[in-house]
Amino acid sequence: TMSCQCHQIGGPFIAEDPDCVIHGWQQGDREQQSSALREASLRPDITVDELREIVSQLHTLIDEIY
C-alpha cells in the first residue's frame, strides 16, 4: 500500500495533504464512482459485457491509488 504523511504528528500537513491519493480531495470522487459501480453491478438484469466494463472501471480507480 501507499504511505502518506497525512495525520502524522510533526508532519508537513495539519490534517490531509490535498494531493494525497488516499485522503485528498479526489478521494471523495473515487468513493462516489466506486459506489455507483457497486450499485450498477447489483442490477438483476446486468449483462456480462456490462460487468466487464465495471471491472475495467474499478481497475482504473485502483490504478489511480496504487
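Residues numbered from 1 in each chain as written. Predicted model: local features only at pLDDT ≥ 70, side-chain atom pairs only at ≥ 80, totals over all residues. Heavy atoms only, no water.

Draft legend 1. Representation of the overall build of the chain. What the chain contains, in helices and strands, is two helices and zero strands. Of all 66 residues assigned to the chain, the portion counted as buried reaches 18%. Split by element, the accessible area of the chain, about 5200 Å² in all, is 55% carbon and sulfur. (Helix = DSSP H or I, 4+ residues; strand = E, 2+ residues; numbered from the N terminus. Buried < 20%, exposed > 50% of the residue type's maximum accessible area, 1.4 Å probe, protein only. Areas by Shrake-Rupley, 256 points an atom, 1.4 Å probe, with all protein chains shown as cover.)

Draft legend 2. Quick peek at the pattern of salt bridges. With the rule as written, the count across this model stands at three salt bridges. Where D45 meets R43, a salt bridge forms, and the shortest distance between an N and an O atom there is 3.0 Å. With a relative accessible area of 53%, D45 lands in the exposed category. With relative accessibility at 33%, the residue R43 sits in the partly exposed group. Several salt bridges share partner residues, and in doing so they unite R43, D45 and E50 into one network. (Salt bridge = Lys/Arg side-chain N within 4 Å of Asp/Glu carboxyl O.)

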